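Summary of the model geometry
Listed here are the chains, written in short residue letters.
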Amino acid sequence: MLNLKDPSLLKQQAYVNGLWCDADNGETIPVTNPATGALLGTVPNMGAEEARRAINGANAAFKAWRGLLAKERSAILKKWFELMLANSDDLAAIMTAEQGKSLTEAKGEITYAASFLEWFAEEGKRIYGETIPTPAHGRRLMVTKDPIGVCAAITPWNFPSAMITRKAGPALAAGCPMVLKPAAQTPFSALALAELAHRAGVPSGIFSVVTGKASAIGGEMTANPIVRKLTFTGSTQIGQLLMRQSADTVKKLSLELGGNAPFIVFDDADLDAAVEGAMASKFRNSGQTCVCANRLYVQDKVYDAFVEKLRVAVQKLHVGDGSIAGVNQGPLIDQNAVAKVEEHIADAVAKGAKVELGGKRHALGHTFFEPTILSGVTQAMNVAREETFGPLAPVFRFHSDDEVIAMANDTEFGLASYFYSRDIGRIYKVAEQLEYGMVGINTGLISNEVAPFGGVKQSGLGREGSRYGMDDYLTVKYWCVSGI
Ligand SMILES: NC(=O)c1ccc[n+]([C@@H]2O[C@H](COP(=O)([O-])OP(=O)(O)OC[C@H]3O[C@@H](n4cnc5c(N)ncnc54)[C@H](O)[C@@H]3O)[C@@H](O)[C@H]2O)c1
Ligand SMILES: O=C[C@H](O)CS(=O)(=O)O
C-alpha cells in the first residue's frame, strides 16, 4: 500500500452529496499500479441510479451556492487551493501509483492543477455584465451573466488532477455545482480532491465524484435535463458520442479532445533549443499528453543534425517506476497503449521508416516502452494521421515552408502545434496559417492557467483556463426595462 503522510486521503468510496458511499449493489472495480500490476485498492462500481442521486443533490444545493457572494465562493476555492499544496506530496504519490508518471511530473501536475483553483477563485469575482445604450426612449438595456446550472464532468486518466480542477475551478467559481466521473484508471486522485474540497468547506452536493460504469453514468449525465452543461476531456471518439447523447437535452458542451501536434523545425532554428523543446513536448508523461508533439517535421538542411542531437537527448531518458528518484519515463497506462505504439512503429517501418533508437517493449516488462525515434517518416504512415499517445518521436523531412504548413494542417485535429524559427517574418506567416487552437513558438511547453487551452476542428469546443474559461459555465441574460 501507499506510504502517505495522511492515509485518509486514499479513499475507496465515492463521494456523493457530501457522503462517502459504496455502489448500491456493493460492486467494486480494481485500481492497479501500471508500473507493477499491483492492486492499489478498489472503488465503487456505480451506475445511472447513483449518478442520478448526485445530480439531484447538486440541483438541491445549487440555489444556496449561487446565492453566496462571489468572494465567499472565492474564499472556499482558495482554501481548496491551499489544501492541495499542503498535501501535494501525498497527492503526487497517489497519482504516480495509479497513473505511472514520475513523482517529479506528478508534483508538477498538482501545482498546475491547484493553479486553476487559485486563478478561478479570482476570476469568479470579475464576472461582469454590461449596460447597452438604449435604442428607444423610456427603455434601459443591460446584460447580466448567470451560472448555467448543474454541470457534469468526465475526465481522462493522463492528467488525473489537473483535468478535474480545470473544470471544477470555473464551475464552482461561477456558482455551478459539479458531478464528476473520473477515469476508471485514476479515481484515487479525484477522490483525494473531493476530500480536500470537503475540508475546504465546499458544501454537500456542490462537488460529487461518482466512480464506475462509464457508459451508464455518462448516459445519465447526458440524458438528464437537470444537467445543463457537460464538460468532457478525452478522446475525440467518446467526445463525439457524448455530443450526440447530449443533443436531446441541448446541453452546453465543452470538449477537450484528441490531438495530432506538428512540431516544425525550420533551418534557421536554434537546434539545441529545438531538441530541448521536442524532448519536453514529446516525452512528458511518457508521450501521453494531448498536446505532445505527434509529428516532428525538420527542414532538410538541418535534418541529420537534428536527428543526431535528438538521439543523444533521448538516450539520456531514464525509464522505470515513477516512484523511483531519477526516473523520468514511467510506464504506459495499459497494454492497449503499448500495442498502439507498436502498431505505429511496425506500420512506419513497413512503409520505409528507420528505427534510429528504441523501437520495442522495455526490458522492465509490464507496460514500459523504449523511448523511440523513427527517421524517414512520411505522410503515408499511420503515425501521421493518428495520435500515438506514447514515447514515439517520428521525424519527417520537409523542403519548403508551404510544404510543411500543408502537411501540418493535413489532419482532422487542431489542438496544439509548435515550431522553431528565429525569423520574425516566418514566425508570423507560419503562426497565422497553422489551423490549431494553440501555437508554441520556440517552446515545447505552452500550458498554464492564464492562457486559453483548447482546439479547433475535431480537437474540441470551448476553452479551459484563462478568462475565457469562465464563459463556458455562464449564460447571458438580456434585461429590457421599459417605462423608465
Ligand atoms: N484536449 C485535452 O485537453 C485532452 C486532455 C487529456 C486527454 N485528452 C485526450 O484523451 C484521450 C486519452 O484519454 P482517455 O483514454 O481517458 O480517453 P477516453 O475518451 O477513452 O476516456 C475519457 C473519459 O471518458 C470516459 N468514457 C469512456 N467511454 C465513455 C462513455 N461511453 N460514456 C461516458 N464516458 C465514457 C472514460 O471513462 C474517461 O473517464 C486522448 O485522445 C487525449 O488526446 C485530451
Ligand atoms: O493531456 C492533456 C493536458 O491538457 C496536458 S497539459 O498538461 O494541460 O498540457
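In this text the structure is predicted, and so the values were computed from the model without any measurement.

All right, on to the environment of Ile238 then. Mapped onto the elements of the fold, Ile238 is located in helix α8 (residues 236-246). Along the chain, Ile238 and Asp90 lie 148 residues apart, while their C-alpha atoms are 31 Å from each other.

Partitioning the protein chain into domains gives domain 1 (7-257 + 459-479) and domain 2 (262-441). Each of domain 1 and domain 2 has a C-alpha centre, and these two points are 31 Å apart. Domain 1 puts 21 residues into the contact, and the matching count from domain 2 is 25 residues. Overall, the association of domain 1 and domain 2 removes approximately 1,700 Å² of surface from exposure, summing both partners, and the carbon and sulfur fraction of that is 55%. If you sort the residues of domain 1 by the area they bury against domain 2, Ala35, Trp157 and Ser459 come out on top, with a joint share of 28%. Remark: the boundary between domain 1 and domain 2 carries eight residue pairs in polar contact (both at pLDDT 80 or more). Among the elements of the structure, α3 (88-99) and α4 (103-123) are those that each provide at least two residues to the side of domain 1 that touches domain 2.

Attention now goes to the packing of aromatic side chains. Applying the stated criterion across every chain, the model contains nine aromatic pairs. Between Tyr112 and Phe116 the ring centres are 5.0 Å apart and the planes differ by 65°, which places this aromatic pair in the edge-to-face class. A residue pair is termed a helical-turn pair when its members lie 3 or 4 positions apart in one helix, as Tyr112 and Phe116 do in helix α4 at four residues. The pair Tyr112 / Phe116 is uniform in exposure class, with both members buried. Ring pairing ties together the aromatic residues Phe263, Tyr418 and Tyr420, which thus form one cluster.

Neighbouring ligand 2 are Tyr112, Asn158, Phe159, Met163, Arg166, Arg284, Thr289, Cys290, Val291, Ser447 and Phe453. In this structure, Tyr112 approaches ligand 2 through a side-chain N or O atom, which is 2.7 Å from an oxygen atom. Here an oxygen atom of ligand 2 sits 3.1 Å away from a polar atom, N or O, in the side chain of Arg166. With the chains in place, 99% of the 270 Å² that ligand 2 exposes on its own is no longer accessible. Among the residues forming the shell around ligand 2, the class breakdown is six nonpolar, three polar and two charged. Two domains share the shell around ligand 2, each providing at least three of its residues, namely domain 1 (7-257 + 459-479) and domain 2 (262-441).

Moving on to the nonpolar core. Counting 61 residues, the largest nonpolar core has Trp80, Met84, Leu172, Met178, Val202, Phe207 and Val209 as the members making the most contacts within it. Excluding its chain neighbours within four sequence positions, the residues that come into contact with Val209 are Ala14, Tyr15, Val16, Leu180, Pro182, Ala190, Leu191 and Ala194. With 34 residues, the next largest nonpolar core counts Cys290, Val298, Leu310 and Tyr418 among its residues.

A few words now on the UniProt feature "active site" (unreviewed entry) in the protein chain. UniProt records the feature "active site" (unreviewed entry) at Glu256, using the numbering of this structure. As for its position among the elements, Glu256 is in strand β11 (residues 252-256). Taking relative accessible area as the criterion, Glu256 reaches 3% and is therefore assigned buried.

On to the pairing of strand β4 (residues 39-44), then. Of the pairings in the sheet, the one linking strand β3 (residues 28-32) to β4 comprises five bridges and is antiparallel in character. Bridging from a neighbouring strand, Thr32 pairs with Leu39 of β4. Between β3 and β4, which follow one another and run antiparallel, lie six residues, and Gly37 among them has a positive phi close to 80°.

This part is about the sheet that holds strand β14 (residues 354-357). One open sheet holds the seven strands; their spatial order is β14-β15-β16-β13-β12-β17-β18, and the pairing between them is mixed. The open sheet has two free edges, formed respectively by β14 and β18 (438-441), since each of these has just one partner strand. Between one strand axis and the next, the sheet turns through 25° on average, direction left out of account. Sheet strands touched by helix α9 (residues 271-283): β12 (261-265), β13 (293-299), β15 (372-377), β16 (392-398) and β17 (416-420). Its angle to β12, the strand with the most contacts, is close to 165°.

Next up on the list: the site of ligand 1. Around ligand 1, the surrounding shell holds 29 residues, and the nearest of these are Thr155, Trp157, Ser235, Leu257 and Glu387. Lys181 places a side-chain nitrogen or oxygen 2.9 Å from an oxygen atom of ligand 1. Gly234 places a polar main-chain atom, nitrogen or oxygen, 3.3 Å from an oxygen atom of ligand 1. Out of a free accessible area of 840 Å², ligand 1 has 86% covered by protein chains.

Turning our eyes to something else, we now look at the side chain of Gln288. Note that Gln288 resides in the loop between α9 and β13. By relative accessible area, which is 0% here, Gln288 ends up buried. A distance of 3.0 Å separates a polar atom in the side chain of Gln288 from the backbone nitrogen of Ile333. With near-sequence residues (within four places) excluded, Gln288 lies in contact with Gln99, Trp157, Asn158, Phe159, Pro331, Leu332, Ile333 and Phe389.

Reading the values: rules and limits
For every chain, the first residue of its written sequence is number 1, and the numbers climb from 1 along that sequence. Here chains are named by letter from A upward and ligands by number from 1 upward, in the order in which they appear as written. In keeping with the model being predicted, local features are shown solely for residues with a pLDDT of at least 70 and side-chain atom pairs are shown and tallied solely at 80 or more, while totals for entire chains, interfaces and linings include all residues. Note that the side-chain values use all heavy atoms of the structure and ignore hydrogens as well as water. Secondary structure is summarised from DSSP: a helix means a run of H or I of at least four residues, a strand means a run of E of at least two, and numbering begins at the N terminus for each. An automatic or database domain assignment is the source of the domain bounds shown. Note on definitions: a residue-residue contact is assigned when non-hydrogen atoms from the two residues lie within 4.5 Å. Here the quantity called buried area is the total loss of accessible area, with a 1.4 Å probe, experienced by two parts when brought into contact, counted for both. N or O atoms within 3.5 Å of each other form a polar contact, as long as, within protein, one can give a hydrogen and the other can take it, and as long as residues adjacent in sequence are counted only when both atoms are side-chain atoms. Centres within 6.5 Å are what make two rings of Phe, Tyr or Trp a pair, Trp counting through its six-membered ring; a difference in plane orientation under 30 degrees is then read as stacked, over 60 as edge-to-face, and the rest as tilted. Note on classification: 1.4 Å probe, protein chains only; a residue is buried when its accessible area is under 20% of the maximum for its type, exposed when over 50%, partly exposed between these limits. Near residues are defined by distance, with any heavy atom within 4 Å of the molecule or strand qualifying the residue. Only the protein chains shown count as cover for residues, and all accessible areas are computed by the Shrake-Rupley method using a 1.4 Å probe. Any residue outside Ala, Val, Leu, Ile, Met, Phe, Trp, Tyr, Cys, Pro, Asp, Glu, Lys and Arg is labelled polar, Gly included; the first ten of those are nonpolar and the last four are charged. By nonpolar core we mean a set of buried residues, namely Ala, Val, Leu, Ile, Met, Phe, Trp, Tyr and Cys, connected to one another through side-chain atoms within 4.5 Å. UniProt positions are given in the numbering used here, feature names are shortened, and annotations may be inferred rather than shown by experiment. We call two strands paired when DSSP finds no fewer than two bridges between them. All axes here are fitted lines through C-alpha atoms, helices being fitted over the stretch that makes contact, and every angle between N-to-C directions spans 0 to 180 degrees.

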